[in-house]
Every structure is written in structure tokens, then in C-alpha cells.
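# Coordinate analysis (summary)
Now for the letters of each chain:
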Amino acid sequence: QVQLVESGGGLVEPGGSLRLSCAASTSIFRIYTMTWYRQAPGKQRELVAGITDGGRTNYADSVKGRFTISRDNAKKTVYLQMNSLKPEDTAVYYCNLGLPTGKSLSWGQGTQVTVSS
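Calculation rules
- Residues numbered from 1 in each chain as written.
- Predicted model: local features only at pLDDT ≥ 70, side-chain atom pairs only at ≥ 80, totals over all residues.
- Heavy atoms only, no water.
- Helix = DSSP H or I, 4+ residues; strand = E, 2+ residues; numbered from the N terminus.
- Contact = heavy atoms within 4.5 Å.
- Disulfide = S-S within 2.5 Å.
- Buried < 20%, exposed > 50% of the residue type's maximum accessible area, 1.4 Å probe, protein only.
- Pairing = 2+ DSSP bridges.
- Axes fitted to C-alpha atoms, helices over the stretch in contact; angles between N-to-C directions.
- Core = buried A, V, L, I, M, F, W, Y, C linked by side-chain atoms within 4.5 Å.

A few words on the environment of Glu13. Its location among the elements puts Glu13 in the loop between β2 (10–12) and β3 (18–24). Taking C-alpha positions, Glu13 is 7.7 Å from Leu85, a pair spaced 72 residues apart along the chain. With near-sequence residues (within four places) excluded, Glu13 lies in contact with Val115 and Ser116.

Listed below in C-alpha cells is the structure:
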């Protein structure tokens, strides 16, 4: 199974920025669809942003214009640049690796993002 390791979470004030990273252990990272999800306390896990093998992206309405997903296939890493953070962005953020068909193959362990003054 592919291992995913997230990093970059932390505590930030409202309006601040963070960049999350997710490094994959597979040598064929380039063929996979990568997606960021988040789960806030007491809520269901929700999709935040995704990027296909071809670089096509999609975002949740709540983060459009503030978050940017990108990937570096040479480094086998996907990023989530988060700007203009709000308290409602507080959650554990998870990285997911999957097929273009939508089948999920692997999850990261999660990284905590807390937006608070």
C-alpha cells in the first residue's frame, strides 16, 4: 500500500496562511488523482480540493479563491496552499491518493490545522 505523509499543519491566526504537503511513497505518483479532505470536530469528512494526473483541479465552494492545490510529480508530493484562513477552516486535513475512476487507494494520517486568535 502506498504510504502518504502529511506535514505543514499548525496554529495560525485568522487571515494567515499555511501550506500543507503530502509526500507519497510510490514511484508512479504521476498517474494518481490526489485529493485533500478535512474533518472538523463533530462533522463529516469533506472534500477540500483535488487534482488529477493531468493537473485539472476542483475545489469546495467554501475554499475557492483562498486555497490552491498543486503537485510536483518529481517530488511525489501534493501541496495545499491555504490563504486568508478562517476559524471555520479548523480541522484535521487528510491527503488521499486514488484512481481517476474515483476509487480511493490510500489515506494519510492527517495534520491538524487550527485557525484562532
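From this point, things continue past the structure.
According to the stated counting rule, one finds one disulfide in the structure shown. Sulfur-sulfur distance for the disulfide between Cys22 and Cys95 comes to 2.1 Å. As the torsion about the S-S bond is roughly -80 degrees, the Cys22-Cys95 disulfide counts as left-handed. Residue Cys22 is found in strand β3, and its partner Cys95 is found in strand β9 (residues 91–98); the two are separated by 73 residues along the sequence. Of the two residues, Cys22 and Cys95, both sit in the buried class.

The strand order β1-β3-β8-β7 describes an open sheet built from four strands, whose pairing is antiparallel. Of all the strands in the sheet, just β1 (4–7) and β7 (67–72) have a single pairing partner and so form its edges. In this sheet, adjacent strand axes meet at a mean angle of 15 degrees when their direction is disregarded. Direction of pairing for β3 relative to strand β8 (residues 77–82): antiparallel, over a ladder of six bridges. Note on β8: the bridge partner recorded for Leu18 is Met82.

The next point concerns unusual backbone geometry. Phi angles above zero are rare outside glycine, and Lys76 is one such case at about 55 degrees. Positionally, Lys76 belongs in the loop between β7 and β8. At Ser84, a position not held by glycine, the phi torsion is positive, near 50 degrees. Checked against the element boundaries, Ser84 lands in the loop between β8 and β9.

Mapped onto the fold, Thr26 is located in the loop between β3 and β4 (33–39). Among all residues touching Thr26, those that are not within four sequence positions of it are Val2, Tyr32, Lys76 and Leu97.

Before going further, it helps to spend a moment on the nonpolar core. Grouped together as the largest cluster of nonpolar side chains are 29 residues, with contacts concentrated most on Met34, Trp36, Val78, Leu80, Met82 and Tyr93. Of all the secondary-structure elements, those providing two or more residues to this core are β3, β4, β5 (46–51), β7, β8, β9 and β11 (111–115). The residues touching Tyr93, leaving out its near neighbours within four places in the chain, are Glu6, Leu20, Trp36, Tyr37, Arg38, Val48, Phe67, Leu80, Met82, Gly110, Thr111 and Val113.

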